[in-house]
Amino acid sequence: AQSVSQHNHHVILSEAASLELGCNYSYGGTVNLFWYVQYPGQHLQLLLKYFSGDPLVKGIKGFEAEFIKSKFSFNLRKPSVQWSDTAEYFCAVATSGNTPLVFGKGTRLSVIA
Amino acid sequence: DARVTQTPRHKVTEMGQEVTMRCQPILGHNTVFWYRQTMMQGLELLAYFRNRAPLDDSGMPKDRFSAEMPDATLATLKIQPSEPRDSAVYFCASGLDPWPQHFGDGTRLSIL
């Protein structure tokens, strides 16, 4: 079964710092990849997704992610974080069309002034 | 914007009581998922429906949990009897074959 690893449990950054959150998955076949964000007390919202094509995917709120097949990775990036980016970020993977998403355990991002 | 609607938003009850959580998926979505979120385990998939048929409920404790979709506009998750370890936030999500999934606001359940 596929699994998703998010190695950073908690990341603390100052405003305007650059962000990169790691995500690695274990599955050798075709994958569909997602990043979700959960703001405090809210539901998960889709940030971006990768199905095929350009491995550099741009999402909402200035986030992007790069799919590197050889590294089984789908890291999330943002050049300059804001205080409002404080949230928990979840990477998720799905394989075939009928399988549900498998989520990583999440990375909590705290942005300080 | 279409939303997944979950009720109740909060539920506090005593151990041993029956708990029913409801979810109205986005109209037209054909997949429905129930997740449980805790600090220790993160997001766990409990059950998954496609076109109202249960596809996978292996993540759910069968002795006390049950998930159903009586019709296309309603999914339910029941716990009977409830235990303190069931305290968590329960999220429903819906999707169209089957991603991306759109999440509801969750039911925050506390079992005393």
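Each remark here, short or long, concerns the structure printed above.
Conventions used here
Residues numbered from 1 in each chain as written. Chains lettered and ligands numbered in written order. Predicted model: local features only at pLDDT ≥ 70, side-chain atom pairs only at ≥ 80, totals over all residues. Heavy atoms only, no water. Disulfide = S-S within 2.5 Å. Helix = DSSP H or I, 4+ residues; strand = E, 2+ residues; numbered from the N terminus. Buried < 20%, exposed > 50% of the residue type's maximum accessible area, 1.4 Å probe, protein only. Contact = heavy atoms within 4.5 Å. Pairing = 2+ DSSP bridges. Axes fitted to C-alpha atoms, helices over the stretch in contact; angles between N-to-C directions. Phe/Tyr/Trp six-rings, centres within 6.5 Å; stacked < 30°, edge-to-face > 60°. Buried area = accessible area lost by both parts, 1.4 Å probe. Salt bridge = Lys/Arg side-chain N within 4 Å of Asp/Glu carboxyl O. Polar contact = N/O pair within 3.5 Å; in protein donor to acceptor, adjacent residues only side chain to side chain. Core = buried A, V, L, I, M, F, W, Y, C linked by side-chain atoms within 4.5 Å.

Colleague: Honestly, the state of the cysteines in this entry has me stumped. Any pointers?
Modeller: As used here, a disulfide is simply a covalent bond connecting the sulfur atoms of two cysteines. Applying the stated criterion across every chain, the model contains two disulfides over all chains. Each sulfur in the disulfide pair Cys-23 of chain A and Cys-91 of chain A lies 1.9 Å from the other. On the S-S bond that ties Cys-23 of chain A to Cys-91 of chain A, the torsion sits near -65 degrees, and the link is left-handed. Here Cys-23 of chain A, found in the loop between β3 (19-21) and β4 (24-26), pairs with Cys-91 of chain A, found in strand β10 (residues 87-94); they are 68 residues apart in sequence, far enough to count as distant. Cys-91 of chain A shares its class with Cys-23 of chain A; the two are buried. There is a disulfide in this structure between Cys-23 of chain B and Cys-92 of chain B, and the S-S distance comes to 1.9 Å. Judged by the sign of its S-S torsion, about -60 degrees, the bond between Cys-23 of chain B and Cys-92 of chain B is left-handed. Highlighted residues: Cys-23 of chain B in strand β3 (residues 19-24) and Cys-92 of chain B in strand β9 (residues 88-95), separated in sequence by 69 residues. Take Cys-23 of chain B: its relative accessible area is 1%, and that puts it in the buried class.

Colleague: It is not clear to me how the environment of Thr-13 of chain B should be interpreted in this structure. Could you clarify?
Modeller: Residue and element names in this part refer to chain B. Note that Thr-13 resides in strand β2 (residues 10-13). It is 24 Å that separates the C-alpha atoms of Thr-13 and Met-69, two residues lying 56 residues apart in sequence. When neighbours within four sequence positions are excluded, Thr-13 is seen to be in contact with Val-19, Ser-82, Ser-110, Ile-111 and Leu-112.

Colleague: Please explain the sheet that holds β3 of chain B as it appears in this structure.
Modeller: Residue and element names in this part refer to chain B. The strand order across the open sheet formed by four strands is β1-β3-β8-β7, and the pairing between neighbours is antiparallel. Sheet topology places β1 (5-7) and β7 (65-71) at the edges, where each strand pairs with a single neighbour. Taken pair by pair, the neighbouring strands of this sheet meet at an average axis angle of 20 degrees, ignoring direction. Relative to strand β8 (residues 74-79), β3 runs antiparallel, the two sharing five bridges. Paired with Thr-20 across the bridge in β8 is Lys-78.

Colleague: Help me understand the packing of aromatic side chains in this model?
Modeller: The way to describe two aromatic rings as a pair is by their centre distance and the angle between their planes. With the rule as written, the count across this model stands at 16 aromatic pairs over all chains. Seen from their ring centres, Phe-103 of chain A and Phe-103 of chain B are 5.9 Å apart, and the 75 degrees between their planes marks the pair as edge-to-face. With Phe-103 of chain A in strand β11 (residues 102-103) and Phe-103 of chain B in strand β10 (residues 102-103), the pair connects residues from two separate chains. No difference in accessibility class separates Phe-103 of chain A from Phe-103 of chain B, as the two residues are buried. Three or more aromatic residues link up through ring pairs in this structure, and these residues are Phe-34, Tyr-36, Phe-51, Phe-90 and Phe-103 of chain A together with Phe-33, Tyr-35, Tyr-48, Phe-91 and Phe-103 of chain B.

Colleague: What am I meant to see in the interface of chain B and chain A here?
Modeller: Many analyses report the size of an interface as the accessible area lost when the parts associate. Taken together, the contact between chain B and chain A spans 22 residues of the former and 23 residues of the latter. A combined buried area of about 1700 Å² lies between chain B and chain A, and 61% of that area is made up of carbon and sulfur atoms. A per-residue breakdown of the area chain B buries against chain A is headed by Leu-43, Trp-99 and Phe-103 of chain B, which together make up 37% of the total. Summed over the shared surface of chain B and chain A, the result is zero salt bridges. Across the contact surface, chain B and chain A share four residue pairs in polar contact (both at pLDDT 80 or more). Among the elements of the structure, β4 (31-38) and β5 (42-50) of chain B are those that each provide at least two residues to the side of chain B that touches chain A.

Colleague: Just checking my understanding: could you explain the nonpolar core for this structure?
Modeller: Here is a general trend for soluble globular proteins: nonpolar side chains tend to be buried in one another's company. Residues and elements named next belong to chain A. The biggest cluster of nonpolar side chains holds 28 residues, and the ones touching the most others in it are Leu-33, Trp-35, Leu-47, Leu-48, Phe-74, Leu-76 and Tyr-89. Among the secondary structure elements, those contributing two or more residues to this core are β2 (10-14), β3, β5 (32-38), β6 (44-50), β8 (64-68), β9 (73-78), β10 and β12 (107-112). Among the elements that line this core, the one with the most residues is β10, at four residues. In contact with Leu-48, not counting residues within four places along its chain, are Leu-33, Phe-34, Trp-35, Val-57, Lys-58, Gly-59, Phe-63, Glu-64, Ala-65, Phe-74 and Leu-76.

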